[in-house]
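# Survey of secondary and tertiary structure
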Amino acid sequence: MGGLLQEVQKVYTPQREFPELKVGNTVRVYYKIVEGEKERVQPFEGVVIRIRGSGLDKTFTVRKESYGVGIERTFPYYSPNIEKIELVKYGKVRRARLYFLRKYKGKEALSKIREIKPWELKKK
């Protein structure tokens, strides 16, 4: 039964070119927002703290801090409302879920994630 479900999901999965997301990366997600008859694109920049699911059910959670308040937003990976995803910084962490960042504020939270330069990625 699982094989049949995967085949159906493969047919309906849109072919989109997004960068490979990893937990710890800082990303900027451009998300379409509809307000009445108007439509606009709003960027949401933060750290990826969770990736769950696979296939059409894949989602990722991005956390940012705005005016001292932590904001987390979960995006469906294959949502038609996502205009594009930009990788801002690469981060190296040793956890699959970064829920511990909720305890920290501002730069203190970002200091827990070791930044990797793009040229260091190509060596590995």
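See the structure printed just above.
For the structure given in this document, a descriptive report is provided here. For clarity, every value in this text was computed on a predicted model and none was experimentally measured.

## Section: the overall build of the chain
- Regarding its fold elements, the chain presents three helices and six strands.
- Traced from its N-terminal end to its C-terminal end, the chain shows the element sequence α-β-β-β-β-β-α-β-α.
- Along the three orthogonal principal directions, the C-alpha set of the chain runs to about 45 × 45 × 30 Å.
- Burial statistics for the chain: of 124 residues in total, 28% are counted as buried.
- A fraction of 56% describes how many contacts in the chain between residues 6 or more apart in sequence connect residues 24 or more apart.
- Total accessible area on the chain stands at roughly 9000 Å², and carbon and sulfur atoms take up 50% of it.
- Placing the 29 positive and 15 negative side-chain charges of the chain at their respective mean positions leaves the two points 8 Å apart.

## A look at the pairing of strand β1 (residues 26-35)
- One ladder, built from 10 bridges, connects β1 with strand β2 (residues 38-52); its direction is antiparallel. Note that in β2 the partner of valine 34 across the bridge is glutamate 39.
- The turn linking β1 back onto β2 is made up of two residues, and glycine 36 within it adopts a positive phi angle of 65°.

## Overview of the nonpolar core
- With 14 residues, the main nonpolar core has Val27, Val29, Phe60, Val62, Phe75, Ile82 and Ile85 as its most contacted residues.
- Mapped by element, the contributors of at least two residues to this core are β1, β2, β3 (59-66) and β5 (82-92).
- Per-element accounting of this core gives the leading share, four residues, to β1.
- When residues no more than four places from it in sequence are discounted, the contact partners of valine 29 are Gln42, Pro43, Phe44, Phe60, Val62, Phe75, Ile82 and Lys84.
- Counting residues in each nonpolar core, the second largest holds eight residues, with Val23, Leu101, Tyr104 and Ile113 among its members.

## Focus: the packing of aromatic side chains
- Tallied over the entire structure, the rule returns six aromatic pairs.
- Here the aromatic rings of phenylalanine 18 and tyrosine 77 are separated by 5.5 Å at their centres, their planes lie at 80°, and the arrangement is edge-to-face. Pair noted here: phenylalanine 18 is in the loop between α1 (2-12) and β1 and tyrosine 77 is in the loop between β4 (69-76) and β5, with a separation of 59 residues, a long-range link. You'll find phenylalanine 18 and tyrosine 77 in the same group, each marked buried.
- Their ring planes at 85° and their centres at 5.0 Å tell us that tyrosine 77 and tyrosine 78 sit as a pair that is edge-to-face.
- Since its relative accessible area comes to 24%, tyrosine 78 is described here as partly exposed.
- What links up through ring pairs into an aromatic cluster is the set Phe18, Tyr31, Phe44, Phe60, Phe75, Tyr77 and Tyr78.
- Here lysine 58 stacks its cationic end above the ring of tyrosine 77, 4.6 Å away from the centre of that ring.
- Above the face of the tyrosine 31 ring, arginine 73 is positioned so that its terminal group lies 4.6 Å from the ring centre.

Each value, and the rule that gives it
- Counting from 1, residues in each chain are numbered in the order their sequence is written.
- Reporting of local features is limited, given that this is a predicted model, to residues whose pLDDT is at least 70; pairs of side-chain atoms are given and counted only at 80 or more, and all residues count toward the totals for whole chains, interfaces and linings.
- Side-chain numbers come from the whole structure's heavy atoms, not from hydrogens or water.
- Comment: elements are numbered from the N terminus, with helices defined as DSSP H or I runs of at least four residues and strands as E runs of at least two.
- Three labels apply to residues, based on accessible area from a 1.4 Å probe with only protein chains included: buried if under 20% of the type maximum, exposed if over 50%, partly exposed otherwise in between.
- Here a residue-residue contact requires only that any non-hydrogen atoms of the pair lie within 4.5 Å.
- Accessibility throughout is a Shrake-Rupley quantity obtained with a 1.4 Å probe, and a residue counts as covered only by protein chains that appear here.
- As used throughout, the charge tally considers Lys and Arg to be positive and Asp and Glu to be negative, leaving His and the chain termini uncounted.
- Just so you know, the charge point we use is NZ for Lys, CZ for Arg, CG for Asp and CD for Glu.
- Pairing between strands is defined by DSSP: at least two bridges between the two strands are required.
- Take the buried Ala, Val, Leu, Ile, Met, Phe, Trp, Tyr and Cys residues and link them wherever side-chain atoms come within 4.5 Å; each set so joined is a nonpolar core.
- A pair of Phe, Tyr and Trp rings is counted when the ring centres sit within 6.5 Å of each other, with Trp represented by its six-membered ring. The angle between the planes then sorts it: under 30 degrees is stacked, over 60 is edge-to-face, the rest tilted.
- Both a distance and an angle decide whether a charge sits over a ring: NZ of Lys or CZ of Arg must be within 6 Å of the ring centre and within 35 degrees of the ring normal.

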